[in-house]
Amino acid sequence: MAENYPTLLVVACALVDADRRVLIAQRPENKNMGGLWEFPGGKVEQAESPETALIRELKEELDIETREACLAPLTFASFSYEKFHLLMPLYVCRKWQGTPQALEHTALKWVRPQRLRDYPMPPADEPLVAHLCDLL
């Protein structure tokens, strides 16, 4: 149980293209849970809103730009890891500028929602897939 550990607020994004595919990113092998596939995003910094953090993370990780009005909250994950509890809102974004590039990941893939389960994901990301399948 992670009840005595801090809660970490992390924000994630399901980028959805015109063909209703979702972008997933592969974590670098040298990082925690390396090789697993995840939705892009990252930690919310002090005095930062989740939306502001997500816009910053998408620029840092994928070199794309979007606006808060383009981010629609869909669901969230709440998951206890060994040393912390993760709270992760998932936003859907269908409008951005630029072509996503893997600046901090090993690879990127556009995947149909029903195929997302074919890619191993961190435990906190897995429950989010059903919500995306329902939406798309």
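Going by the structure above, here's the rest.
Residues numbered from 1 in each chain as written. Predicted model: local features only at pLDDT ≥ 70, side-chain atom pairs only at ≥ 80, totals over all residues. Heavy atoms only, no water.

Caption draft 1: The arrangement of the sheet that holds strand β1 (residues 7–15) in detail. Ordered in space as β4-β1-β6-β5, the four strands form an open sheet in which the pairing is mixed. What marks the edges here is a single partner per strand, and that holds for β4 (41–43) and β5 (71–80). Averaged over all neighbouring strand pairs, the angle between strand axes comes to 20 degrees, with direction disregarded. The sheet contact formed by β5 and strand β6 (residues 85–93) spans nine bridges and is antiparallel. (Pairing = 2+ DSSP bridges. Helix = DSSP H or I, 4+ residues; strand = E, 2+ residues; numbered from the N terminus. Axes fitted to C-alpha atoms, helices over the stretch in contact; angles between N-to-C directions.)

Caption draft 2: Structural view of the packing of aromatic side chains. Here the structure, examined in full by the defined rule, presents four aromatic pairs. Consider the rings of Phe79 and Tyr81, whose centres lie 4.7 Å apart with planes at 65 degrees: the pair is edge-to-face. With relative accessibility at 15%, the residue Tyr81 sits in the buried group. Each ring, one from Trp96 and one from Trp110, has its centre 5.9 Å from the other, and the planes form 10 degrees; the classification is stacked. (Phe/Tyr/Trp six-rings, centres within 6.5 Å; stacked < 30°, edge-to-face > 60°. Buried < 20%, exposed > 50% of the residue type's maximum accessible area, 1.4 Å probe, protein only.)

Caption draft 3: View of helix α1 (residues 50–62). A rise of 1.5 Å per residue sets the reference length of α1, with its 13 residues, at 18 Å; its end C-alpha atoms lie 17 Å apart and thus fit the reference within 8%. All of the buried residues in α1 are Glu51, Ala53, Leu54, Glu57, Leu58, Glu61 and Leu62. Axial view of α1: buried residues confined to an arc of 150 degrees, hence all on one face. Where α1 is buried, its residues meet β1, β2 (22–26), β4, β5, β6 and β7 (107–111). (Expected span 1.5 Å × (residues − 1). Arc of directions from axis to C-beta. Contact = heavy atoms within 4.5 Å.)

Caption draft 4: Focus on the nonpolar core. In this structure, Phe39, Met88, Leu116 and Leu132 are the most contacted members of the largest nonpolar core, which totals 23 residues. Within the second largest apolar cluster, 14 residues are counted, among which are Val11, Ile64, Leu71 and Tyr91. (Core = buried A, V, L, I, M, F, W, Y, C linked by side-chain atoms within 4.5 Å.)

Caption draft 5: Examining the sheet that holds β7 more closely. Judged by pairing direction, the sheet is antiparallel, and its three strands sit side by side in the order β3-β2-β7 without closing on themselves. Among the strands making up the open sheet, the edge pair consists of β3 (37–38) and β7. Sheet analysis places β2 next to β3, joined by two bridges and oriented antiparallel. Considered in β3, the bridge of Gln26 is made with Trp37.

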